[in-house]
Amino acid sequence: MSDRSIEPGATGTHPTRWLMTHYGPYQAGLDAAGRPQLAPDPADPAPTPLGLALAEVDHRLRIRRPAARSTWLAAVEAGRDPEGTGRGEAPFVELPWDEALDLAAAELARIHRDHGPTAIYGGSYGWGSAGWFHRARAQLHRLLAAAGGFTMGVGTYSHGAAERMIPHVLGLDFAAAGAAAPDWDEIAATTDILLSFGGIPLRNTQLDWGGIPGHRVGAALERALDRGLDMVTVAPMADDAAAAGRARWLRIRPGTDVALILALLHVLVSEGLIDRPALDRLTHGWPVLEAHILGRDGTPPKTPAWAAGITGIADAAITALARRLAGRRAVIAMAWGVQRHQNGEMAVWAAHALAAALGQIGLPGGGVGIGYGAGGGFGLPQTGRRPGLIGALPNPNGMEVPVSRFADILLAPGATIDHDGRRITAPDIRLVWWAGGNPFHHHQDLNRLIRAWAVPRTIIVQDMVWTQAARRADLVLPATGPLERADIAGGLQGPTIIAADALVPPVAEARDDHAILAAIADRLGCRSAFDDGLDAEAWLARLWDRARSGTDDLPDLAGLRAAGRIDPPPLPDAVRTRAGRLARFRADPAADPLPTPSGRIELASDRIAAMGLPGHPCWQPPAEWAGSDLTARFPLHLLSPQPATRLHGQLDHAAPSLAAKHDGRERVMLHPEDAAARGIADGDCVMIWNDRGACLAAARLSTDIMPGVAALPTGAWYDPSPTLKDAAGRPVCRHGNPNLLTRDAGSSPIAQAPAAQTCLVDIRRVDPATAAAERPSPYEGPMFADRDTVTTASPDTGPAA
Ligand SMILES: Nc1nc2c(c(=O)[nH]1)N[C@H]1C(S)=C(S)[C@@H](COP(=O)(O)OP(=O)(O)OC[C@H]3O[C@@H](n4cnc5c(=O)[nH]c(N)nc54)[C@H](O)[C@@H]3O)O[C@H]1N2
Ligand SMILES: Nc1nc2c(c(=O)[nH]1)N[C@H]1C(S)=C(S)[C@@H](COP(=O)(O)OP(=O)(O)OC[C@H]3O[C@@H](n4cnc5c(=O)[nH]c(N)nc54)[C@H](O)[C@@H]3O)O[C@H]1N2
Ligand SMILES: [Mo]
C-alpha cells in the first residue's frame, strides 16, 4: 500500500498537500482518475500504513443517505412511542435529508418535553477523526446542550482509572501529570532503569488522538537502549523490546501488579534501600503504607514469597528486581492496559508509591509515567502550545455519568452509582445519540449491551460507515470523513499543525456533523447557541486565533493554509510551567505544594478511605484472575489489547487489518503449552467462551505470551452467527470480537472505569466443518426496504420483507 504514488497536478492539486490524521501526517493528492491518494510523510522516521486506507473514501460500507429503521418510523409516524425491539433486524428505509432532520429534531424535542434533559444520553464516546473543528462528539454535545441539556458520559475507556486516581495522589489532572513525566529525550539521556508494567508496545505508538508529528517513540527507545538503559518489562505479553531480547521480561499474571509492587517495597524497606528523606519531605501517609507492607496492620507481610504466590513471579526475581532499582535513576512506567482492570486505580497508586520510595519523583529522567507506549505522543517533548479544539457548552440542566457505565444506566434507571466520592442516581434514558464512536466496538459484554440497547425509545447514530452500532440504530445520518471537509488538525501531541481543505466532495449525500447538527439546531430554534452565529469557515478562523493567542510566531489562517503544514518550536515558558511541575515541587515543597489535601504526594488518603476502600495502595483480588475459583471452569485469562493493524474498529475492513486475519478471523495469541493441552494447532479455528458469551477466532501460537493467558486484540467487527449459539442461546461472534467475553463492571467506586482486562475464558478447537460453515461476514450494510411497502404494513406484525 505504501508504494502507491500520488500524481498531484493531474487534477490540479497542490503537490505537497498535507493531511493530519490520528496516524500522523500524510501527503494527500488525487490520482489521474481523480481518486484520493495518500502517501507517508517522507520525513517520518517510521510512518505507518494504517491510515493510508482513509483514501478509500467511497468504500462500499459508506452510509450513503439518511435512513430510518422501518418499524421505528412507522411508530413515530403513527404518533406512538417507538419500541426498542427489532433493532438490527427490521430493514431500513432511506429518507430525504429534510425529513430525517425533522424526525431527529422532533424526537429530541419530544423526549426533552416529556422526560426532561437527563433522558437524553449524549455520551457519544469515541475517537472520531482528527481535527479541531469536525469533532463529532464535541459538536453533538454542543447541540444537546444548546437544545436544553443532556446526560453526558465523562471519563474515558483509555485511562479512566488513572484519570481519577492521579488527582488524589498528585493533585494534578491526568494531562498535567503526563506532561510532568520525564520525556523521551530525558529518558534517553539520563535514565538508568525503566521498569515498565505492561511494557512499551510499539504497535500502540503508530497513532494518537488528534494526530502525531511523526513516529518517534521507537527511535527514542532504541537510543536509550543503545546508551545502556536497563529496561525491565513486567507483563503477561512481551513488548517489542522484550521480544527482541533488549528488555528483561518478567511474566506476571494479569491483574496482580499491585502485589508485586508491594513486595518490591517490602524488599526496599527491609534492606534499608528506600529514600527516607525524600519520603519525609515529599509524601504524606508513608507510615500507613509502610505498616501495611510490613504486615503491622494485621495483614500478612508483603514479602516476595507472599507476592510470588499471587503474581507467579519467583520470590528471588522480585528481590533481585528491587535491588536493581535501588539507588539508580529510575522511571516507573505503566501502560494503560494495566489500569483497565478491576481496581486498576490501585495499580496506578502503587506505581507512584514505588517511585516515591525510590526518591525519584521530580528528578530529571526519574519518576512515574502512566502511558509511555500508549500512543505516539506520550513522552514527546512538550511544545506548550495550545491547540484550538472546539469546546463544549455549559450543560446546567444535564448530568454527568461515568462513560463506561452506559449499559448499567440503561438497565437500571434509578439505581445509584458511587463515583469518586459522589453518589449518582442513574437517569431514565429514552434517547441515545452517538456521533464519532462505536459502542459495539468499545463496550464490554456485548450481549449485555444488546439487552441495554433495547431500552431507549430512539437511537440516533451519525457515522461514515455501517458499523454494528449504525445497523442497530433507528435513525442513521451519514457523516463526511476527513478528506471531505476543511479542518485544522495536530498540535496536541507535538508541534505539527496541518490545515487542509476538502480533497474531494462528500460521498453520496453525506454531510459534515456540524452541518447536520446545525440544521437540527435551526429546527429547534437554538442555532445561535449551538454555533455562536459562525459558519464552519468562521469557526476555523476563531479556533486558529485561539491557538495563536499569546504567541507572535505563528502565521494567520491564510498563511497557515498557504503553508499547509507548520512545525512551530516549543514555547520556553509553557515548557517550564507544565513539564517542570514536579521538579518545582521537589525543589521546594513548601513554596510549591501539590494541590492535594496534604500538599504532598498522597500515599495514604482519607478521601479514598471515605469511599469504603483501603486508604493506601493495597492488593485486592479481582473478581476474575488466575487465583479465583472461576478458573475451575475458565482457566485462561483473556487480554484484549489494542490491535496492531487498525485503530479500534476503524479500518478493520482495510488491507493491513484484513492481511493479519486468518480465514477472515481475528487471531488469538496462545502459548503453545495451552494450545497443546487443548489439541489446538497454529491456524486452527477456536471457540473462546465464558458465561457472558462466545466468539470464534484463529489460533496463533507464540511464546511471546505467558502460559495461562490468551490475547485477542480489540476491533474485529461484531459478526453474530445466525446459526451458531452459545450455551445460553446467544449468537456466537464468528469474527473474533473480544467484547463478547469481557466483563462490564466498573473498576472501583473511585473511577467506575472500564475493566475489560479482568476476564477469564476457556478455549477449544472447532471442528473444520463447523469452521467452514461459520464463515465471517462482518462488513455488511443493513437490509433496505421500499418505503411504501413498510409504512403500509402493520407495525405489530413487522415490516414486509
Ligand atoms: N475489550 C476491550 N475493549 C476496549 C478496549 C480494550 O482495551 N479492550 N479499549 C477501549 C479504548 S481505550 C477505547 S479508546 C475505545 C475506542 O472505541 P471507539 O472510539 O468508539 O472506537 P472506534 O472504532 O475508533 O469508533 C469511532 C467511530 O467513529 C466513526 N467516525 C470517525 N470519524 C468520524 C466523523 O468525523 N464523524 C462521525 N460521525 N463519525 C466518525 C468511525 O467510523 C467509527 O465507527 O475502545 C475501548 N474498548
Ligand atoms: N495500533 C493501535 N494503536 C493504538 C490503538 C489502536 O487501536 N491501535 N488505540 C489507542 C488507544 S485508544 C489507547 S487508549 C492506547 C492504549 O494503550 P494501552 O492501554 O497501554 O494498550 P493495551 O494494548 O491495551 O495494553 C498494553 C499492554 O498492557 C499489558 N497488560 C494487560 N494487563 C496487564 C496486567 O495486568 N499487568 C501488566 N503488567 N501488564 C498488563 C499487555 O501486555 C498489553 O500489551 O493505545 C492507542 N494506540
Ligand atoms: Mo483509548
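Calculation criteria
Residues numbered from 1 in each chain as written. Chains lettered and ligands numbered in written order. Predicted model: local features only at pLDDT ≥ 70, side-chain atom pairs only at ≥ 80, totals over all residues. Heavy atoms only, no water. Helix = DSSP H or I, 4+ residues; strand = E, 2+ residues; numbered from the N terminus. Buried < 20%, exposed > 50% of the residue type's maximum accessible area, 1.4 Å probe, protein only. Contact = heavy atoms within 4.5 Å. Areas by Shrake-Rupley, 256 points an atom, 1.4 Å probe, with all protein chains shown as cover. Near = heavy atom within 4 Å. Polar contact = N/O pair within 3.5 Å; in protein donor to acceptor, adjacent residues only side chain to side chain. Nonpolar A, V, L, I, M, F, W, Y, C, P; charged D, E, K, R; others polar. Domains from an automatic or database assignment. Phe/Tyr/Trp six-rings, centres within 6.5 Å; stacked < 30°, edge-to-face > 60°. Pairing = 2+ DSSP bridges. Axes fitted to C-alpha atoms, helices over the stretch in contact; angles between N-to-C directions. Salt bridge = Lys/Arg side-chain N within 4 Å of Asp/Glu carboxyl O. UniProt positions renumbered as here; feature names shortened; annotations may be inferred. Core = buried A, V, L, I, M, F, W, Y, C linked by side-chain atoms within 4.5 Å. Disulfide = S-S within 2.5 Å.

Our next topic: the overall build of the chain. Assigned secondary structure in the chain consists of 30 helices and 31 strands. Each principal axis of the C-alpha distribution contributes one length, and for the chain these read about 80 × 65 × 55 Å. Looking at the 801 residues of the chain, the share that counts as buried comes to 62%. Expressed as a percentage of contacts within the chain between residues at least 6 apart in sequence, the contacts between residues at least 24 apart total 74%. Approximately 27,500 Å² of the chain is accessible, and the part contributed by carbon and sulfur atoms is 52%.

Contacts to ligand 1 come from 34 residues, most closely from S129, H442, D463, D513 and N739. The separation between an oxygen atom of ligand 1 and a polar side-chain atom of Q642 is 3.1 Å. Of all elements in the fold, only α17 (439-442) and β18 (458-463) reach the threshold of two or more residues within the shell around ligand 1. By residue class, the composition of the shell around ligand 1 is eight nonpolar, 22 polar and four charged. There are two domains that each give the shell around ligand 1 at least three residues, and those are domain 1 (67-155 + 388-481 + 512-532) and domain 3 (629-773).

Following the criterion strictly, the structure yields 15 aromatic pairs and no others. Aromatic side chains F133 and W539 sit 6.2 Å apart centroid to centroid with 25° between the ring planes, which places their arrangement in the stacked category. One end of the pair, F133, is in the loop between β6 (120-121) and α3 (136-146); the other, W539, is in helix α22 (residues 536-548), and 406 residues separate them in sequence. When the centroid spacing of 5.9 Å and the interplanar angle of 55° are considered together, the rings of F174 and W336 count as tilted.

All right, on to the sheet that holds strand β10 (residues 248-250) then. The five strands lie next to each other as β10-β9-β8-β12-β13, forming an open sheet whose pairing is parallel. In this open sheet, the two edge strands, each paired with only one partner strand, are β10 and β13 (367-370). Adjacent strand axes in the sheet meet at a mean angle of 20°, parallel and antiparallel pairs treated alike. In the sheet, strand β8 (residues 193-197) pairs with strand β9 (residues 230-234) via five bridges, with the strands oriented parallel.

Let's shift gears to the pairing of strand β29 (residues 720-725). Bridging between β29 and strand β30 (residues 731-733) involves two bridges; their strand directions are antiparallel. Its bridge partner being in β30, P720 is matched across the sheet by C733. Connecting β29 to the antiparallel partner β30 that follows it, the hairpin turn spans five residues, and G729 within it adopts a positive phi of roughly 85°.

This paragraph deals with the sheet that holds strand β1 (residues 17-21). Pairing in this open sheet of three strands is antiparallel, and the strands run β1-β2-β3 from one edge to the other. Looking along the sheet, the strands with just one partner apiece sit at the ends: β1 and β3 (36-40). Across the sheet, the mean angle separating the axes of adjacent strands is 40° when strand polarity is ignored. Here β1 pairs with strand β2 (residues 24-30) via five bridges, running antiparallel.

All right, on to the pattern of salt bridges then. Taken as a whole, this structure holds 49 salt bridges when the rule is applied. With a shortest N-O distance of 3.7 Å, D81 and R457 are connected by a salt bridge. Of this pair, D81 sits in the loop between α1 (70-77) and β5 (92-94) while R457 is found in the loop between α18 (446-453) and β18, placing the two residues 376 residues apart along the sequence. A salt bridge links R646 to D652, with the nearest nitrogen and oxygen atoms 3.1 Å apart. A relative accessible area of 2% places R646 in the buried class. The exposure class of D652 is buried, given its relative accessible area of 0%. One connected set of salt bridges, linked through shared partners, spans D81, E83, E107, R110 and R457.

With that settled, the discussion passes to the site of ligand 2. Near ligand 2 you find 30 residues, and of these R203, G255, D257, P643 and R646 are the closest. Within the backbone of V234, a nitrogen or oxygen atom sits 2.9 Å from a nitrogen atom of ligand 2. Between ligand 2 and H341, the relevant distance is 2.9 Å, taken from an oxygen atom to a side-chain nitrogen or oxygen of the residue. Surface burial for ligand 2 is 98%, taken as the share of its 910 Å² of free accessible area covered by protein chains. Per-element accounting of the shell around ligand 2 gives the leading share, three residues, to helix α14 (residues 336-339). A class-by-class count of the residues in the shell around ligand 2 yields 17 nonpolar, nine polar and four charged. Shared between two domains, the shell around ligand 2 takes at least three residues from each, and those domains are domain 2 (160-384 + 579-609) and domain 3 (629-773).

Let's shift gears to the UniProt feature "domain: Molybdopterin dinucleotide-binding" (unreviewed entry) in the chain. In the UniProt entry, the feature "domain: Molybdopterin dinucleotide-binding" (unreviewed entry) is given for residues 636-759. In this annotation, residues 636-759 is assigned 10% helix and 28% strand; the end-to-end C-alpha distance for the span is 9 Å.

Mapped onto the present numbering, the UniProt feature "domain: Molybdopterin oxidoreductase" (unreviewed entry) falls on residues 62-523. Within residues 62-523, the helical portion is 38% and the strand portion 15%, while the C-alpha atoms at the span's ends are 27 Å from each other.

Relative to the assigned elements, R113 resides in helix α2 (residues 97-115). Classification of R113 as exposed rests on a relative accessible area of 61%. A polar atom in the side chain of R113 sits 3.0 Å from the side chain of D114.

This next bit is on the side chain of H352. You can see H352 is positioned in helix α15 (residues 344-357). Overall, the relative accessible area of 3% leaves H352 in the buried class. Setting aside residues up to four positions removed in sequence, H352 forms contacts with I166, V169, L170, I361, V368 and I370.

The nonpolar side chains of a soluble globular protein tend to be buried, and buried together. Residues L195, L265, W286 and L354 are the most contacted members of the largest nonpolar core, which totals 76 residues. For L195, the contacting residues outside a window of four places in its chain are V232, V234, L264, L321, L325, V331, I332, A333 and L354. Listed in part, the 55 residues of the second largest apolar core include L410, A675, A699 and W717.

Attention now moves to the state of the cysteines. This structure, assessed with the given rule, holds zero disulfides. For C759, which is in no disulfide, the shortest distance to another cysteine sulfur is to C695 and amounts to 9.7 Å.

Another point: unusual backbone geometry. In this structure, D532 takes a positive phi of about 55° despite not being glycine. Within the chain, H648 stands out as a residue other than glycine whose phi angle is a positive 50°. By secondary structure assignment, the location of H648 is in the loop between β24 (636-639) and α27 (655-660).

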